[in-house]
Amino acid sequence: MPVESIYIPIGTKMPDFELKDPFGKVYSTKDHMGKIGLLIVFTCNHCPYAKAVWPRLLRLAGEISKIGINTFAINPNSKNSDYPEDSVSEMKNKINEWKINIPYLVDETQEISKMYKAQCTPDFYLLDREMKLYYHGRLDDNWKDENLVTREELKEACLSLFRGEEPPKIQYPSIGCSIKWI
């Protein structure tokens, strides 16, 4: 049964963090913040919702990097033995297989996922330069079939942030598999 992302007030200051990728390289929000902002996505390898949007996420990450918004993907499920597809070794495989060209980070202790109140995979957080939440909602209006998408809410939010506009008034929650808490 799918889980929705929870409401977090827009403008909430989100915590800085450091995490490693599956190869041991350390990334921090401070070092990876773009000129305009940072998109953080809690996701994984096994969840059908996450798998369905990975290609769209990667395309969007490429587009928004050109306007000064960088992207992190974070796997909160890497330590859960019930889902070996989310293991660190499988993350390495997926980075190659899916041609993931954004930092795909491991939240081994799930501390960052808990601090962000992440609930599902995927769960999207768009932050401004001051680490304040600008958008927390779904990627678009059809997770199953990108050919049926009529509204790309996350992309629209990224463009609004770039233009210096107010955050979108309506932000529909993301849906996906629950995070597998250890």
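The structure contained in this document is the topic of the report that follows. The structure displayed is predicted, hence computed values, not measured ones.

Quick word on the overall build of the chain
Here is step 1 of the chain: In terms of regular secondary structure, the chain is built from five helices and 10 strands.
Here is step 2 of the chain: Its C-alpha atoms give the chain a radius of gyration of 15 Å, near enough to 16 Å, the size a compact globule of 182 residues would have.
Here is step 3 of the chain: Each principal axis of the C-alpha distribution contributes one length, and for the chain these read about 45 × 35 × 30 Å.
Here is step 4 of the chain: Within the chain, buried positions represent 52% of all 182 residues.
Here is step 5 of the chain: For the chain, restricting intrachain contacts to residue pairs at least 6 apart in sequence, the fraction spanning at least 24 positions comes to 77%.
Here is step 6 of the chain: Surface accessibility of the chain: about 9,000 Å² in total, with carbon and sulfur atoms responsible for 51%.
Here is step 7 of the chain: Computing the positive centroid from 24 side-chain charges and the negative centroid from 26, the chain places the two 2 Å apart.

Points about unusual backbone geometry
Here is step 1 of the chain: A cis amide bond, omega 5 degrees, links Thr121 with the succeeding residue Pro122.
Here is step 2 of the chain: Looking at the secondary structure, you find Pro122 in the loop between strand 7 (120–121) and strand 8 (123–128).
Here is step 3 of the chain: One non-glycine residue with positive phi stands out, namely Lys117, at about 60 degrees.
Here is step 4 of the chain: Looking at where Lys117 falls in the secondary structure, it is placed in the loop between helix 4 (111–115) and strand 7.

As for the environment of Val41
Here is step 1 of the chain: Following the sequence through the fold, Val41 ends up in strand 4 (residues 37–42).
Here is step 2 of the chain: On the accessibility criterion, Val41 (0% relative accessible area) is buried.
Here is step 3 of the chain: Along the chain, Val41 and Trp181 lie 140 residues apart, while their C-alpha atoms are 17 Å from each other.

Topic: the nonpolar core
Here is step 1 of the chain: Ranked by internal contacts, the top residues of the largest apolar core, which has 27 residues, are Leu39, Ile69, Leu126 and Leu154.
Here is step 2 of the chain: Those elements giving two or more residues to this core turn out to be strand 4, helix 2 (48–65), strand 5 (69–75), helix 3 (88–97), strand 6 (104–106), strand 8, strand 9 (133–135) and helix 5 (153–163).
Here is step 3 of the chain: Ranked by the residues each element gives to this core, the list is headed by helix 2, at seven residues.
Here is step 4 of the chain: Look past the residues within four positions of Leu154 in its chain and what remains in contact with it is Leu39, Leu60, Phe124, Leu126, Tyr135, Arg138 and Leu139.
Here is step 5 of the chain: Judged by nonpolar contacts, the second largest core, of 20 residues, contains Met33, Ile40, Ile74 and Ala118.

Let's talk about the pattern of salt bridges
Side-chain pairs of opposite charge can arise whenever the charged atoms involved come near each other.
Here is step 1 of the chain: Within the structure shown, the criterion is met by 10 salt bridges.
Here is step 2 of the chain: With a closest N to O distance of 3.2 Å, Lys94 and Glu97 form a salt bridge. Here Lys94 and its partner Glu97 are both found in helix 3, three residues apart, which amounts to about one turn of the helix.
Here is step 3 of the chain: As a salt-bridge pair, Arg163 and Glu165 come within 2.8 Å of each other at their nearest N and O atoms.
Here is step 4 of the chain: For Glu165, a relative accessible area of 38% gives the class partly exposed.

Some points on the packing of aromatic side chains
Here is step 1 of the chain: In total, this model carries nine aromatic pairs according to the counting rule given.
Here is step 2 of the chain: Between the aromatic rings of Tyr27 and Phe72, the centroid separation amounts to 6.2 Å while the plane-to-plane angle is 80 degrees, which identifies the pairing as edge-to-face. Here Phe72 lies in strand 5 and Tyr27 lies in strand 3 (residues 26–28), a separation of 45 residues in the sequence.
Here is step 3 of the chain: When its relative accessible area of 17% is taken as the criterion, Tyr27 is described as buried.
Here is step 4 of the chain: Here Phe72 falls in the buried class, since its relative accessible area comes to 0%.
Here is step 5 of the chain: Relative to Tyr125, the ring of Tyr116 lies with its centre 5.4 Å away and its plane at 85 degrees, an arrangement referred to as edge-to-face.
Here is step 6 of the chain: Judged by relative accessible area, which is 0%, Tyr116 ranks as buried.

Calculation criteria
Along each chain, residue indices are assigned from 1 in the same order as the chain's sequence is written. Per-residue local features are limited, in this predicted model, to residues with pLDDT of at least 70; the limit for side-chain atom pairs, both in listing and counting, is 80 or more; totals at the level of whole chains, interfaces and linings are taken over all residues. Hydrogens and waters are ignored; side-chain quantities use all the structure's heavy atoms. Numbering of helices and strands runs from the N terminus; a helix is a DSSP stretch of H or I covering at least four residues, while a strand is a stretch of E covering at least two. Throughout, radius of gyration means the C-alpha value; the globule benchmark is 2.2 Å times the number of residues raised to the power 0.38. Exposure classes here rest on a 1.4 Å probe applied to the protein chains alone. A residue is buried below 20% of its type maximum, exposed above 50%, and partly exposed in between. Residue contacts follow a heavy-atom distance rule, with two residues in contact if any of their heavy atoms lie within 4.5 Å. The accessible surface values rely on the Shrake-Rupley method and a 1.4 Å probe; as for residues, cover is taken only from the protein chains in view. Positive charge is attributed to Lys and Arg, negative charge to Asp and Glu, and no charge count is given to His or to the chain ends. Where a charge sits is defined by one atom per residue type, namely NZ (Lys), CZ (Arg), CG (Asp) or CD (Glu). Only buried Ala, Val, Leu, Ile, Met, Phe, Trp, Tyr and Cys residues count toward a nonpolar core, and they belong to the same one when joined by side-chain atoms within 4.5 Å. Salt bridge, as applied in this entry: a Lys or Arg side-chain nitrogen positioned within 4 Å of an Asp or Glu carboxyl oxygen. Aromatic rings from Phe, Tyr and Trp, with only the six-membered ring used for Trp, were paired whenever their centres fell within 6.5 Å, and each pair was classed as stacked if the ring planes differed by under 30 degrees, edge-to-face if by over 60, and tilted otherwise.

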